[in-house]
Protein chains: 2
Amino acid sequence: MDLQYPRYAGGVKLPVSTEWLLHCATTLAQLEPGATASAAQLADYYDLPAPYLAKQLQALVRAGVLAATTGPRGGFRLARPAADITLLRIVEAVDGAAPPYECREIRRQGRGALPPEDCRDACVLAAKMADAHRAWRDSLRGVTLADILGELPPTAPARTRSRLMAK
Amino acid sequence: MDLQYPRYAGGVKLPVSTEWLLHCATTLAQLEPGATASAAQLADYYDLPAPYLAKQLQALVRAGVLAATTGPRGGFRLARPAADITLLRIVEAVDGAAPPYECREIRRQGRGALPPEDCRDACVLAAKMADAHRAWRDSLRGVTLADILGELPPTAPARTRSRLMAK
DNA sequence: ATATCGCGGATATTGCAGATCCATTTAGTC
DNA sequence: GACTAAATGGATCTGCAATATCCGCGATAT
């Protein structure tokens, strides 16, 4: 028997902006300390829609991952050392920290509704889904931007800086 | 500094139908061997929209989790022992097996585009996101419907059967 | 035969991601 | 001080997928 899964899984997918911001944060991590890059520079660097990217960068600022300075020569930089920024922080800043599986307590609905005394503990299924989400978060929490930089070729930061500031 | 995450995370959330079918599969696992329950019975049991639920149940049939018999007294039953059905199989049958993070290779776009020889290996960020997805899948693969039944009170199956067949 | 069920296709409806624009604020530069 | 470059916040538009329903077909028990 061959399994047939839906070809496309709309609901589960992370938005594209997740990839954008992970790469943008990695790029900012390659700047010299104190240097900034504007939303327009980052958008040019990856050929992304600038206004929308700016909105997402703001979300990272609110989450404490990035710091922003306004005015000429302003822009974004990391708000803390790269070793203190986990991928989990970035992803949850962009996509929200809400667990993907939300228990709506359907065990209390319909003809099969359980009495309240049987619902003191969390739904077993919801607990298992929460376990899986915890495993996902633990995995992402174990990787920092510094780890990512460490896996890049040593020549990457210099090239990134020159291309980012060009033009 | 207090973190501010988006209150709602549309893209990441699993559809509600995931919860529906996890519960429906758990319910079917409590039937006597060979017994079936119709989509209408399951919809009544949880107060769900019957036509839509039927569609999702068909997806579980295509995935080899459920077996269906047509005609009067027909309905759905597990296609294999409960110990052989993992939560991962159910979730991926409903929501698709596509990983939530899809690498669009933006490292090859824009001014910062990397040369092809730097892209032989998979993108580091994509690899880390894939690691996290693997941890999530491993967690769900480690739980079977039999495990879920084992955590239910011993009186549950009898009550489930009687309420499901009632009316 | 006929009523009961699953199956497949087609079709609304709705909410959010993706995307853009503008007015405001902030802060450097001349 | 005026100008300018940048982030910030609000409002808005569009496209697509999850949700939800209906109908006709086929299968099968009684």
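Rules behind the numbers
- Residues numbered from 1 in each chain as written.
- Chains lettered and ligands numbered in written order.
- Predicted model: local features only at pLDDT ≥ 70, side-chain atom pairs only at ≥ 80, totals over all residues.
- Heavy atoms only, no water.
- Axes fitted to C-alpha atoms, helices over the stretch in contact; angles between N-to-C directions.
- Helix = DSSP H or I, 4+ residues; strand = E, 2+ residues; numbered from the N terminus.
- Parallel < 35°, antiparallel > 145°, perpendicular 65-115°, else oblique.
- Left-handed = near helix turned anticlockwise from the far one by under 90°.
- Contact = heavy atoms within 4.5 Å.
- Nonpolar A, V, L, I, M, F, W, Y, C, P; charged D, E, K, R; others polar.
- Expected span 1.5 Å × (residues − 1).
- Buried < 20%, exposed > 50% of the residue type's maximum accessible area, 1.4 Å probe, protein only.
- Least-squares fit on C-alpha atoms with pLDDT ≥ 70 in both.
- Buried area = accessible area lost by both parts, 1.4 Å probe.
- Salt bridge = Lys/Arg side-chain N within 4 Å of Asp/Glu carboxyl O.
- Polar contact = N/O pair within 3.5 Å; in protein donor to acceptor, adjacent residues only side chain to side chain.
- Core = buried A, V, L, I, M, F, W, Y, C linked by side-chain atoms within 4.5 Å.
- Phe/Tyr/Trp six-rings, centres within 6.5 Å; stacked < 30°, edge-to-face > 60°.

What follows covers the packing of helix α3 (residues 50–62) of chain B against helix α4 (residues 87–95) of chain B. Residues and elements named next belong to chain B. Remark: α3 packs on α4, axes separated minimally by 9 Å, with the N-to-C direction vectors making an angle of 120 degrees. Taken as axis vectors, α3 and α4 run oblique relative to one another. Where α3 crosses over α4, the two elements pack in a sense that is right-handed. Within the contact between the two elements, α3 uses Gln56, Ala59 and Leu60 and α4 uses Ile90, Ala93 and Val94. The residue inventory of the contact of α3 with α4, partitioned by class, reads 5 nonpolar, 1 polar and no charged.

Attention shifts here to helix α5 (residues 124–141) of chain A. For α5(A), built from 18 residues, the straight-helix expectation of 26 Å at 1.5 Å per residue is met to within 8% by its first-to-last C-alpha distance of 25 Å. The complete set of buried residues in α5(A) reads Val124(A), Leu125(A), Ala126(A), Lys128(A), Met129(A), Ala132(A), His133(A), Trp136(A) and Leu140(A). At its buried positions, α5(A) is contacted by α4 (87–95) of chain A together with α1 (16–28), α4, α5 (124–141) and α6 (145–150) of chain B.

A separate point is the relation of the copies chain B and chain A. Relative to chain A, chain B is turned by 180 degrees and slid 0.0 Å along the rotation axis, the superposed coordinates differing by an RMSD of 0.1 Å. The superposition of one copy onto the other is thereby described by a two-fold rotation axis.

This part is about the interface of chain B and chain A. Of the residues lining the interface, 76 residues belong to chain B; the matching set on chain A comes to 76 residues. Roughly 6,800 Å² of surface becomes buried between chain B and chain A when both sides are summed, with 62% attributable to carbon and sulfur atoms. At the boundary of chain B and chain A, one finds 6 salt bridges. Counting every contact that joins chain B to chain A gives 21 residue pairs in polar contact (both at pLDDT 80 or more). Of all elements in the fold, only α1, α2 (39–46), α4, α5 and α7 (156–165) of chain B reach the threshold of two or more residues within the side of chain B that touches chain A. Looking at the side of chain B that touches chain A, its residues break down into 41 nonpolar, 13 polar and 22 charged.

Core analysis: the largest hydrophobic core is formed by 92 residues, its most contacted members being Leu53(A), Leu145(A), Leu53(B), Leu57(B) and Leu145(B). Dropping the residues within four chain positions of it, Leu145(A) is found in contact with Ala25(A), Thr26(A), Ala29(A), Leu78(A), Ala82(A), Ile85(A), Leu87(A) and Ile90(A).

So, about the pattern of salt bridges. Residue and element names in this part refer to chain A. In this structure the tally under the stated criterion is 20 salt bridges over all chains. Here Glu102 ties to Arg104 by a salt bridge, and the two come within 3.6 Å at their closest N and O atoms. Salt bridges sharing common partners tie together Glu105, Arg107 and Arg108.

As a further point, take the packing of aromatic side chains. Residues and elements named next belong to chain A. As enumerated under the stated definition, the model contains 4 aromatic pairs over all chains in all. When the ring of Trp20 is compared with that of Tyr52, the centres are 5.7 Å apart and the planes differ by 85 degrees; the resulting orientation is edge-to-face. On the criterion of sequence distance, the pair formed by Trp20 in helix α1 (residues 16–28) and Tyr52 in helix α3 (residues 50–62) is long-range, its members being 32 residues apart. The buried category is assigned to Trp20, whose relative accessible area is 12%.

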